[in-house]
Amino acid sequence: MTETSTTPVTILGLGAMGRALASTFRAAGLPTTVWNRSPGKAADLIAAGATSAPTVEQAIGPGGPIIAVLLDHASVHATLDPVADQMTGRQLINLTSTAPAESRELAAWAAAHGIDYLDGGIMAVPSMIGAPGAAILYSGSRQVFETRRGILELLAAAEYFGDDAGFASTYDFALLATMYAMFGGFLHGAALMRSVGVSAAEFGQRAAAWVTAMTQSLPHQGRVIDTGDYTDPVQSIAFHKSAIDAINRASHDAGIASDFVAPLRTLLDRQVADGHGALGFERTFEELH
Ligand code: NDP
């Protein structure tokens, strides 16, 4: 079975992301029914041709895939538990950010109610939905992914990672962990640059170019980690400890808290103390287990 532009879709949750998904479906002409816990968020979607349902039960009535894009795991249960029996035989696509164990729990909950469950991790902000650069990672029901792939690709590039419903979420959070460390480093750098009169906006321009250049080394670092051989470093742990110690002194002198730098400093200090200073920076990975 493949869907066409006549496939009805239901969106549960009209936060920033749910609204972006719903308006993208409407722009593609899909019959779109929306529901939100608090009323009053559907006016522009109704103007674009969506149907606003006053209850979850009515929202899932049209019969197509049900897409949940709610705040968190608890809100998915709060919304769907009361209608679980009406969802038997239906397809549920959960794009709410849930931790891997929560995604697996939802898959088991769905299976117990005869619901076909696909989990998704959205690698985009709302303004990117429907545009190049957006991606959504999926795992769980292959049947749901394959039958709904056409409409899912209206939202973002769609990639499927197998039947473990927690896999996509794990990938999502691994990428977010990478992003947050980068954002934290940027805030620290911006604070340092303000101490010498450079605006954060100006620093942002230069930092973007620097981070882009540095990220080119990630695949190489990944290969080193996978071999577990850290004996031929590009730069050693001792080298990086020296740099981090200097950043720490610079921050102290500028009156800036070192909270973003401190965790890495701790990991490097520990490895030097344990005699690993001559090994490659990537060995820090081993300290995380
Ligand atoms: P918002 O905070 O804008 O919206 C949250 C939505 O969840 C609202 O519709 C809210 O309803 C609803 N909600 C909260 N608690 C409950 C509850 N107990 N019962 C029913 N509904 C509830 O978040 P977003 O739309 O931005 O994000 C939605 C999901 O998408 C999140 O899991 C988020 O992590 C994920 N996501 C968002 C991205 C983004 O950039 N925004 C990027 C990637 C993923 P109400 O209006 O009544 O409060």
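Residues numbered from 1 in each chain as written. Predicted model: local features only at pLDDT ≥ 70, side-chain atom pairs only at ≥ 80, totals over all residues. Heavy atoms only, no water.

K.L.:
Before we go on, may I ask you to explain the environment of Gly63 in this structure?
P.N.:
With respect to the helices and strands, the residue Gly63 is situated in the loop between helix H3 (56–59) and strand S4 (66–68). Classification of Gly63 by relative accessible area gives partly exposed; the value is 39%. Each C-alpha atom of the pair Gly63 and Val9 lies 7.8 Å from the other, and the pair is 54 residues apart in sequence. (Helix = DSSP H or I, 4+ residues; strand = E, 2+ residues; numbered from the N terminus. Buried < 20%, exposed > 50% of the residue type's maximum accessible area, 1.4 Å probe, protein only.)

K.L.:
Help me understand helix H4 (residues 73–80) in this model?
P.N.:
The buried count for H4 comes to six of eight residues, which makes it a mostly enclosed element. Residues His73, Ser75, Val76, His77, Thr79 and Leu80 constitute the buried set of H4. Here the buried face of H4 lies against strand S1 (9–12), strand S2 (32–35), H3, strand S5 (91–94) and helix H5 (100–112). (Contact = heavy atoms within 4.5 Å.)

K.L.:
What is the right way to look at the packing of helix H1 (residues 16–27) against helix H6 (residues 142–155) in this model?
P.N.:
Relative orientation and spacing of two packed helices are given, respectively, by the angle between their axes and the distance between those axes. With their axes 9 Å apart at the nearest point, H1 and H6 run at an angle of 115° to one another. Here H6 runs roughly perpendicular to H1, going by the angle between their axes. In this structure, H1 crosses over H6, and the sense of that crossing is right-handed. Residues Leu21, Thr24 and Phe25 of H1 touch H6, and the partners they reach there are Ile151, Leu154 and Leu155. Taken together, the residues of the contact of H1 with H6 sort by class into five nonpolar, one polar and no charged. (Axes fitted to C-alpha atoms, helices over the stretch in contact; angles between N-to-C directions. Parallel < 35°, antiparallel > 145°, perpendicular 65-115°, else oblique. Left-handed = near helix turned anticlockwise from the far one by under 90°. Nonpolar A, V, L, I, M, F, W, Y, C, P; charged D, E, K, R; others polar.)

K.L.:
So what exactly am I meant to see when it comes to the sheet that holds strand S6 (residues 116–123) here?
P.N.:
Strand-to-strand pairing in sheets goes through backbone hydrogen bonds, with the strands running parallel or antiparallel. The mixed open sheet is built from eight strands, whose spatial order is S3-S2-S1-S4-S5-S6-S7-S8. One side of each edge strand has no neighbouring strand; the edge strands of this open sheet are strand S3 (51–52) and strand S8 (157–160). Where S5 and S6 come together, four bridges link them in parallel fashion. Pairing of Ile93 across the sheet is with Leu118, part of S6. Contacting S6 and strand S7 (135–140), helix H7 (residues 167–194) crosses the sheet at an angle of about 10° to S6. (Pairing = 2+ DSSP bridges.)

K.L.:
Can you help me understand the domain arrangement of the chain in this one?
P.N.:
Accessible area lost upon the coming together of the parts serves often as the stated size of an interface. On domain assignment, one finds that the chain holds domain 1 (3–163) and domain 2 (195–288). Each of domain 1 and domain 2 has a C-alpha centre, and the two are 39 Å apart. (Domains from an automatic or database assignment.)

K.L.:
Is there a simple way to explain the packing of aromatic side chains in this structure?
P.N.:
Two aromatic rings are characterised by how far apart their centres lie and by the angle between their planes. Under the defined criterion, the tally for this structure stands at six aromatic pairs. Look at Phe161 and Tyr171: their rings are 5.2 Å apart centre to centre, the planes differ by 55°, and that puts the pair in the tilted class. Taken together, the residues span a long stretch of sequence, with Phe161 in the loop between S8 and H7 and Tyr171 in helix H7 at a distance of 10 residues. We classify Tyr171 as partly exposed; its relative accessible area is 36%. With a centroid separation of 5.9 Å and 75° between ring planes, the pair formed by Phe167 and Tyr171 is classed as edge-to-face. (Phe/Tyr/Trp six-rings, centres within 6.5 Å; stacked < 30°, edge-to-face > 60°.)

K.L.:
Quick question: what am I supposed to make of the pattern of salt bridges here?
P.N.:
Any two side chains of opposite charge can pair, given that their charged atoms come close. Applying the stated criterion across every chain, the model contains nine salt bridges. A salt bridge links Asp44 to Arg19; its shortest N-O distance comes to 2.9 Å. One end of the pair, Asp44, is in helix H2 (residues 43–47); the other, Arg19, is in helix H1, with 25 residues separating them in the sequence. The class for Arg19 is partly exposed, based on a relative accessible area of 28%. Between Asp245 and Lys241 there is a salt bridge, and its shortest N-O distance comes to 2.8 Å. A residue pair is termed a helical-turn pair when its members lie 3 or 4 positions apart in one helix, as Asp245 and Lys241 do in helix H10 (residues 237–253) at four residues. The exposure class assigned to Lys241 is partly exposed, which follows from its relative accessible area of 22%. Bridged by salt links that share partners, the residues Lys241, Asp245, Arg265 and Asp269 form one connected network. (Salt bridge = Lys/Arg side-chain N within 4 Å of Asp/Glu carboxyl O.)

K.L.:
Any chance you could explain the site of the ligand here in plain terms?
P.N.:
Met17, Asn36, Ser38, Lys41 and Ser97 are the nearest of the 21 residues found near the ligand. Between Gly15 and the ligand, the recorded distance is 3.2 Å, taken from a backbone N or O atom to an oxygen atom. Contact between the ligand and Lys41: an oxygen atom at 2.7 Å from a side-chain N or O atom of the residue. Burial of the ligand by the protein chains amounts to 75% of its free accessible area of 900 Å². (Near = heavy atom within 4 Å. Polar contact = N/O pair within 3.5 Å; in protein donor to acceptor, adjacent residues only side chain to side chain. Areas by Shrake-Rupley, 256 points an atom, 1.4 Å probe, with all protein chains shown as cover.)

K.L.:
Explain a negative patch on the surface to me, please; I cannot follow it from the model alone.
P.N.:
The grouping of Asp72, Asp81, Glu102 and Glu105 at the surface amounts to a negative patch. Turning to its location among the elements, Asp72 is positioned in the loop between S4 and H4. (Patch = residues over 30% accessible without salt bridge, like charges linked within 9 Å, V, L, I, M, F, W, Y side chains within 5 Å. Lys, Arg positive; Asp, Glu negative; His and termini not counted. Charge placed at Lys NZ, Arg CZ, Asp CG, Glu CD.)

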